[in-house]
Amino acid sequence: MSRITTLEVVTRQRTELVDITAGIRRLAAGSGIREGVAHIFAPHTTAAITINENADPTVVRDILAALERLVPQRGDYRHGEGNSDAHIKASLLGSSLTVLISGGDLLLGTWQGIFFCEFDGPRKRKVWVSFTDSG
Amino acid sequence: MSRITTLEVVTRQRTELVDITAGIRRLAAGSGIREGVAHIFAPHTTAAITINENADPTVVRDILAALERLVPQRGDYRHGEGNSDAHIKASLLGSSLTVLISGGDLLLGTWQGIFFCEFDGPRKRKVWVSFTDSG
Amino acid sequence: MSRITTLEVVTRQRTELVDITAGIRRLAAGSGIREGVAHIFAPHTTAAITINENADPTVVRDILAALERLVPQRGDYRHGEGNSDAHIKASLLGSSLTVLISGGDLLLGTWQGIFFCEFDGPRKRKVWVSFTDSG
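Just so it is clear, the model here is predicted, and its values are computed rather than measured. (Residues numbered from 1 in each chain as written. Chains lettered and ligands numbered in written order. Predicted model: local features only at pLDDT ≥ 70, side-chain atom pairs only at ≥ 80, totals over all residues. Heavy atoms only, no water.)

Chemist: With reference to specific residues and values, describe the sheet that holds strand β3 (residues 36-41) of chain C.
Modeler: A sheet is described by the order of its strands in space; here 5 strands give the open sequence β1-β8-β3-β5-β6 (chain C), paired in antiparallel fashion. Of all strands in the sheet, those with a lone pairing partner are β1 (4-10) and β6 (105-106) of chain C, marking the two edges. (Pairing = 2+ DSSP bridges. Helix = DSSP H or I, 4+ residues; strand = E, 2+ residues; numbered from the N terminus.)

Given below as structure tokens:
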């Protein structure tokens, strides 16, 4: 039996970090897993998953601004769709992330949240989550 | 019994992204796994694993060009082997990646392929893949 | 029963890569796992986990210098705590990493070590490690 579940994410900007911590937590609770891990995966080539601070929203703004400075939307790119920067940012931040689960809940540091990283929105996106028991 | 398998990758350029999706898919089929995950690992310090678009080859070109612009081969480095940029790029893209498996096949987004990232080739390289059942 | 274990890391600089390979190896041995994976997780928003060369210390110096060049400590940031660069570097290198285990030991390439990446130290930090059997 597959334990893969899906979270729908609607993004509203071209680049945006959407806090999906509550959504992933809800999927974990629904899965019935007690001890193990959650594998979180973005099935897109212009989006990523990252963990960072979700208390002060200026952190997310600084992350997006730094990525835009390092990999600007307009540049000397070959790919003809105008979203090369989004592909590059996706590989820099990464498509997959593993979070530990204990006592049925995600284990995160005090300031940590899980973010869906949109780099070529706005769009309707998906996040796939698979749970593996280690119990 | 170990479920670790190895994919051999021969790279032909100093920096190159080699599409290993079909190879990983073949290992998954051979493993007999139905539901679970594939952990894909590059056992090298000047190479990485990433997921990005494998339909239009200009995407890969733009990723490599952006990495070269951000971390040029020639620079003010201390490491004496002339491949400091390759080590830095390896850490930026990452050594490990987890892909979900369902119904015996890798689950990837429509445009996603799995790439071995060579940053100090050409060389003979290895990719290690471990399968974990969640069934 | 939870198989999550903790490694304590004391950092001594603002930015520093601390080799935690021996510590992770000790946790693996203590867990009794024979075949599977170790999920290594940094529960902090200004730190990360990476794999790179641990033979020649100039590699680590070059990685830290490149990150500082790309994302300087002083910059046009909004976050008021003076550590925006640390948050950005944490997302670039990533919070989680998966390492394969076979025959009871970590599988790493010849030159690979596992590093805790401190970007806002010195501090007392933790690394969480979860083991999953695939045996």
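We are not done yet, so read on.
Chemist: Give me the lowdown on the confidence of the model for chain A, citing residues and values where you can.
Modeler: In the predicted model, chain A carries a mean pLDDT of 95, and 98% of its residues have values of at least 70. Our summary of model confidence lists the complex with pTM equal to 0.97 and ipTM equal to 0.96. (pLDDT = per-residue confidence, 0-100.)

Chemist: Can you lay out the sheet that holds strand β7 (residues 112-118) of chain B for me, pointing to particular residues and giving the numbers?
Modeler: Residues and elements named next belong to chain B. Read from one edge of the open sheet, 3 strands run β2-β7-β4, paired in antiparallel fashion. Lying at the two open borders of the sheet, with one neighbouring strand each, are β2 (16-19) and β4 (47-53). Each neighbouring strand pair of the sheet contributes to a mean axis angle of 35°, computed without reference to strand direction. (Axes fitted to C-alpha atoms, helices over the stretch in contact; angles between N-to-C directions.)

Chemist: A description of the relation of the copies chain B and chain A should follow, citing residues and the corresponding values.
Modeler: Each copy of the sequence occupies a distinct position, and chain B is placed on chain A by a rotation of 120° and an axial shift of 0.0 Å, giving an RMSD of 0.0 Å. These values place the two chain copies in the arrangement generated by a three-fold rotation axis. In terms of proximity to the rotation axis, the leading residue of chain B is Leu92(B), whose C-alpha is 3.5 Å off the axis. (Least-squares fit on C-alpha atoms with pLDDT ≥ 70 in both.)

Chemist: For the pairing of strand β4 (residues 47-53) of chain C, give the residues involved together with the corresponding values.
Modeler: Looking down a regular strand, the side chains alternate between one sheet face and the other. All names here are of chain C. Of all the 7 residues making up β4, 7 are buried; the element is thus mostly covered by neighbouring parts of the structure. Pairing of β4 with strand β7 (residues 112-118), which is carried by 7 bridges, proceeds in the antiparallel orientation. In the strand pairing of β7, Thr50 is matched with Phe115. (Buried < 20%, exposed > 50% of the residue type's maximum accessible area, 1.4 Å probe, protein only.)

Chemist: Outline the interface of chain A and chain C, listing residues and values.
Modeler: The partner chain C presents 30 residues to the 35 residues of chain A that form the contact. Summed over the three residues of chain A that lose the most area to chain C, namely Asp62(A), Leu100(A) and Ser134(A), the buried surface amounts to 22% of that side. Summed over the shared surface of chain A and chain C, the number is 0 salt bridges. At the junction of chain A and chain C, the tally comes to 12 residue pairs in polar contact (both at pLDDT 80 or more). When residues of the side of chain A that touches chain C are traced back to their parent elements, those giving at least two are β3 (36-41), β4 (47-53), α2 (57-70), α3 (84-93), β5 (96-102) and β8 (124-133) of chain A. Ranked by the residues each element gives to the side of chain A that touches chain C, the list is headed by α2(A), at 9 residues. Among the residues making up the side of chain A that touches chain C, the classes are represented as 16 nonpolar, 12 polar and 7 charged. (Contact = heavy atoms within 4.5 Å. Buried area = accessible area lost by both parts, 1.4 Å probe. Salt bridge = Lys/Arg side-chain N within 4 Å of Asp/Glu carboxyl O. Polar contact = N/O pair within 3.5 Å; in protein donor to acceptor, adjacent residues only side chain to side chain. Nonpolar A, V, L, I, M, F, W, Y, C, P; charged D, E, K, R; others polar.)

Chemist: Account for unusual backbone geometry, with residues named and values stated.
Modeler: Of note, the amide linkage connecting Gly121(A) to Pro122(A) takes the cis form, showing an omega dihedral of -5°. For Pro122(A), the location among the structural elements is in the loop between β7 (112-118) and β8.

Chemist: Go over the nonpolar core, please, and point to the residues and values.
Modeler: Within the largest apolar cluster, 54 residues are counted, with the highest numbers of intra-cluster contacts made by Leu92(A), Leu92(B) and Leu92(C). Here Leu92(A) is in contact with Val71(A), Leu67(B), Leu92(B), Leu93(B), Ser91(C) and Leu92(C), once residues within four sequence places are set aside. (Core = buried A, V, L, I, M, F, W, Y, C linked by side-chain atoms within 4.5 Å.)

Chemist: Break down the interface of chain B and chain A for me, with residues and values.
Modeler: Each partner contributes residues to the interface: chain B has 35 residues there, and chain A has 30 residues. A buried area of about 2,500 Å², summed over both sides, lies between chain B and chain A, and 59% of it is on carbon and sulfur atoms. If you sort the residues of chain B by the area they bury against chain A, Asp62(B), Leu100(B) and Ser134(B) come out on top, with a joint share of 22%. Remark: the boundary between chain B and chain A carries 0 salt bridges.

Chemist: Now, about the packing of α2(A) against helix α3 (residues 84-93) of chain C: what can you tell me, with residues and values included?
Modeler: Close contact between α2(A) and α3(C) brings their axes to 9 Å; oriented N to C, the two are set at 65°. Between α2(A) and α3(C), the crossing angle belongs to the class labelled roughly perpendicular. Crossing of α2(A) over α3(C) shows right-handed handedness. Here Val59(A), Asp62(A), Ile63(A), Ala66(A) and Leu67(A) of α2(A) lie close against α3(C), whose contacting residues are Ser84(C), His87(C), Ile88(C), Ser91(C) and Leu92(C). Looking at the contact of α2(A) with α3(C) residue by residue, the classes come out as 6 nonpolar, 3 polar and 1 charged. (Parallel < 35°, antiparallel > 145°, perpendicular 65-115°, else oblique. Left-handed = near helix turned anticlockwise from the far one by under 90°.)

Chemist: Which residues make up helix α2 (residues 57-70) of chain B, and what values go with them?
Modeler: Here α2(B) spans 20 Å end to end across 14 residues, near enough to the 20 Å set by a 1.5 Å rise per residue. By the burial criterion, the buried members of α2(B) are Val59(B), Val60(B), Asp62(B), Ile63(B), Leu64(B), Ala66(B), Leu67(B) and Leu70(B). (Expected span 1.5 Å × (residues − 1).)

Chemist: An account of the environment of Gly75(B) is requested, with residue identities and associated values reported.
Modeler: Residue and element names in this part refer to chain B. On the secondary structure map, Gly75 appears in the loop between α2 and α3 (84-93). What makes Gly75 partly exposed here is its relative accessible area of 48%. In the structure, Gly75 is positioned 10 residues away from Asp85 in sequence and 8.3 Å away in space, judged by C-alpha atoms.

Chemist: Could you give an account of the packing of aromatic side chains, naming the residues involved and the relevant values?
Modeler: Residues and elements named next belong to chain A. The tally for this structure, following the rule as stated, stands at 3 aromatic pairs over all chains. Consider the rings of Phe41 and Trp128, whose centres lie 6.0 Å apart with planes at 15°: the pair is stacked. Separated by 87 residues along the polypeptide, Phe41 in strand β3 and Trp128 in strand β8 bring together distant segments of the chain. Exposure class is identical for Phe41 and Trp128. Each is buried. (Phe/Tyr/Trp six-rings, centres within 6.5 Å; stacked < 30°, edge-to-face > 60°.)

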